[in-house]
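Coordinate inspection notes
Chain residues, written in single-letter form:
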Amino acid sequence: MACPIALSARHVFGISVSVTGNGSYADQENIAYIAGQNLVLYNKSTHRQRFIQGSDLSDVVTAYTAGLGKRLSAIAERADKPMVHVYDMKSFKRKKSLIANESVISKEFTCLQFSSDDQLLLALSGSPDFTVIIWDWARAKISCTVSVGQPIYHCSFNPVDSAVISVIGKELVSFYRMAEKDVRLLEEIKKPNTNFISQCWLRYPDDNLLVGTDKGQIYLFQSGELISMLECSPGLEFPIASMLSIPGGFFVGSSVGSVLYYQFNDINKDNDDTNLTNYASIKSAKTNVQSQFSFIKKLHSHEFSSGFIQHMFLDIREENLGLVTSDGQLLNLTIDIPSKIDVSSLSYLSTVFHGPRSIIGLDTCSRKPLIATVGKDNQLVIWNYSNHTVELVKKYTEEMYSVAWHSSGLHLAIGFQDKVRIYHVLHDDLRICLELPIKQCRECKFSKGGNMFAATHGNSILVYNFISGEKVSDLRAHNSKVKSLHWIDYTSIYLAS
């Protein structure tokens, strides 16, 4: 009996958009993100990947985060009792596994974050309990928990004071202070008919929190107190899907691949703080903070993505901004001069990916290091698995069902809604070669020599001479739909099931 062969991933094309907070820089050259059940470490220069694979992660990954020092990362895994795994990004070894306690009813964590000193780990569970857990992760000890009991989307440590956390959700923004064994509510602000969906703590002035809504409103909180809505909020057209603070301002990720940059103008920087001696002057200074924010630049990434920017992350030098979109693209925005960003500043961090919709057809070329895939996003992608790049991307208006390589790598067959089209594969395009009247062909395959072509149509198999384009036979032996095809050799013998 032959021994089973152990397979390991060599390269993964794509990123999991269902994972919250998915993406971070491990160092200046390496990017970490979740793809399927793999934690991928991708090198921008060599295009090589390292993995923490699914053997370590047995179930669905729901959330990811990285420490500010870039040394640690944490992954949340769905289970009856949801788990969090902490990894060392230098050695790529697991340092600790943390399991939710009895207070957590949900089977998943939807948000994770390390404190600024990487000593504490904050986790938010999903429905129905929406419980916040704070771990002293090195000792695998839960410091405290609080059950919010209503829809919560995000939680975060105050970078200045790790004992303070902010929690945002449906109609709610709350601030808590962590004590030795419990959590004390500091402030709770409720706004009816308002969905708070993103937040970020400002670098300067510190102890200031910005919170974004799905209606394009940005609210400013200072020391747990609601100051006001920013006058420069983008409005209904741009829901605030993600936010990230940088020195001197902040970025907003919004719909249709839009990135907005806001600047903070500190008009009181040189003023003597001792002038603020009474309550009225302090209150006035707080109120004036919101007027010091100004909208500077808007960038649309239509050429790269049609989804919204759901997560952003900075490199160590803070010169590049990583963007993860809802349609499964991983982008890079150069921000060395934030006020001058434009489309030329934008590029793919790795390469173009399929969107979050399913890949429904795949075939490999026998003589070239090429893979062709078609997906429910109506996109054909030709991948080079040797140098880990994309050779060609074609977007169609019609739905595609199957794809097959000719053995030479010079022709490609695609099953569409109304017919099968066979193309010449050119350097940067496809040119129609032959059309066959086969509707909704879900499986097709060239013979090993490439002279014959077989395609399914319901429970029948249609065989064509590829050179002449003539139908050779129509096989009808199956009682149900044919699900797969395989040519045994160079003759007309094949298997179907």
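Residues numbered from 1 in each chain as written. Predicted model: local features only at pLDDT ≥ 70, side-chain atom pairs only at ≥ 80, totals over all residues. Heavy atoms only, no water.

1. Side note on the overall build of the chain
Helix and strand content of the chain: one helix and 40 strands. Burial statistics for the chain: of 497 residues in total, 52% are counted as buried. Taking contacts inside the chain between residues at least 6 apart in sequence as the whole, the part at least 24 apart equals 43%. Here the chain contributes 48 positive and 49 negative side-chain charges, whose respective centroids are spaced 6 Å apart. (Helix = DSSP H or I, 4+ residues; strand = E, 2+ residues; numbered from the N terminus. Buried < 20%, exposed > 50% of the residue type's maximum accessible area, 1.4 Å probe, protein only. Contact = heavy atoms within 4.5 Å. Lys, Arg positive; Asp, Glu negative; His and termini not counted. Charge placed at Lys NZ, Arg CZ, Asp CG, Glu CD.)

2. Observations concerning a positive patch on the surface
A contiguous patch of positive charge, built from Arg-357, Lys-376, Lys-395, Arg-442 and Lys-481, is present on the exposed surface. For Arg-357, the position within the fold is in the loop between strand 26 (346-348) and strand 27 (359-364). (Patch = residues over 30% accessible without salt bridge, like charges linked within 9 Å, V, L, I, M, F, W, Y side chains within 5 Å. Areas by Shrake-Rupley, 256 points an atom, 1.4 Å probe, with all protein chains shown as cover. Salt bridge = Lys/Arg side-chain N within 4 Å of Asp/Glu carboxyl O.)

3. What to know about the confidence of the model for the chain
Scored by pLDDT, the chain has a mean of 89; 92% of the residues are at 70 or more. Throughout residues 272-277 the model reports pLDDT below 50, and contacts reaching past four residues in sequence, or to other chains, amount to four contacts. With pLDDT under 50 throughout, residues 279-283 is counted as low confidence; its partners more than four residues away or in other chains account for four contacts. (pLDDT = per-residue confidence, 0-100.)

4. Observations concerning the sheet that holds strand 33 (residues 420-425)
Ordered in space as 31-32-33-34, the four strands form an open sheet in which the pairing is antiparallel. Two strands bound the open sheet, and with one partner strand each, they are strand 31 (400-405) and strand 34 (430-436). For this sheet, the mean inter-axis angle between neighbouring strands, taken without regard to orientation, is 25°. Sheet topology places strand 32 (residues 411-416) next to strand 33; five bridges connect them, and they run antiparallel. Its bridge partner lying in strand 33, Ile-414 is registered against Arg-421. (Pairing = 2+ DSSP bridges. Axes fitted to C-alpha atoms, helices over the stretch in contact; angles between N-to-C directions.)

5. Points about unusual backbone geometry
Only a minority of non-glycine residues have a phi that is not negative, and only a minority of peptide bonds are not trans. Backbone torsion omega between Ser-127 and Pro-128 reads 10°, so that peptide bond is classified as cis. Relative to the assigned elements, Pro-128 resides in the loop between strand 10 (120-125) and strand 11 (131-136). The omega torsion across Tyr-204 and Pro-205 is -5°, close enough to zero to call that bond cis. In this model, Ala-140 sits at a positive phi of 55°, which is unusual for a non-glycine residue. Checked against the element boundaries, Ala-140 lands in the loop between strand 11 and strand 12 (141-147). For Gln-440, which is not glycine, the phi torsion reads 45° and is therefore positive. With respect to the helices and strands, Gln-440 occurs in the loop between strand 34 and strand 35 (444-446).

6. Concerning the sheet that holds strand 4 (residues 49-52)
Here four strands make up an open sheet; going across it, the order is 1-2-3-4 and the pairing antiparallel. Each having just a single partner strand, strand 1 (24-25) and strand 4 make up the two edges of the open sheet. Pairing of strand 1 with strand 2 (residues 30-35), which is carried by two bridges, proceeds in the antiparallel orientation. Bridge assignment links Tyr-25 to a residue of strand 2, and that residue is Ile-31.

7. Comments concerning the pairing of strand 11
Among the six residues of strand 11, six are classified as buried, and the element is accordingly described as predominantly covered. Burial along strand 11 is two-sided: the residues Thr-131, Ile-133 and Trp-135 and Val-132, Ile-134 and Asp-136 are all buried. In the sheet, strand 10 pairs with strand 11 via five bridges, with the strands oriented antiparallel. Paired with Leu-120 across the bridge in strand 11 is Asp-136. Here strand 10 hands over to strand 11 after five residues, with Phe-130 in that stretch at a positive phi of 50°. Two elements, strand 11 and strand 12, share six bridges in a ladder whose sense is antiparallel. In the sheet register, Thr-131 faces strand 12, and the bridge partner there is Ser-147.

8. Comments concerning the environment of Ser-447
Within the element layout of this structure, Ser-447 appears in the loop between strand 35 and strand 36 (452-457). Taking relative accessible area as the criterion, Ser-447 reaches 2% and is therefore assigned buried. Measuring from C-alpha to C-alpha, the distance between Ser-447 and Phe-466 comes to 9.6 Å, with 19 residues separating the pair along the chain. Not counting residues within four places of it along the chain, the set of residues in contact with Ser-447 comprises Met-452 and Trp-487.

9. Quick word on the environment of Gln-217
Among the structural elements, Gln-217 can be located in the loop between strand 16 (208-213) and strand 17 (218-222). As a C-alpha pair, Gln-217 and Lys-297 span 80 residues in sequence and 17 Å in three-dimensional space. If near-sequence neighbours (up to four positions away) are discounted, Gln-217 is found in contact with Thr-194, Val-211, Gly-212, Met-229, Ser-233 and Ile-240.

10. What about the pattern of salt bridges?
Where charged atoms of side chains with opposite charge meet at close range, the side chains can pair. As enumerated under the stated definition, the model contains 14 salt bridges in all. In this structure, Asp-88 engages Arg-71 in a salt bridge whose closest nitrogen and oxygen atoms are separated by 2.7 Å. Separated by 17 residues along the polypeptide, Asp-88 in strand 7 (residues 83-88) and Arg-71 in the loop between strand 5 (61-66) and strand 6 (72-77) bring together distant segments of the chain. Taking the relative accessible area as the measure of exposure, Arg-71 reaches 40% and is therefore partly exposed. Of the charged contacts in the structure, one is a salt bridge between Arg-421 and Asp-418, with a shortest N-O distance of 3.8 Å. Residue classification places Arg-421 among the buried positions, given a relative accessible area of 11%.

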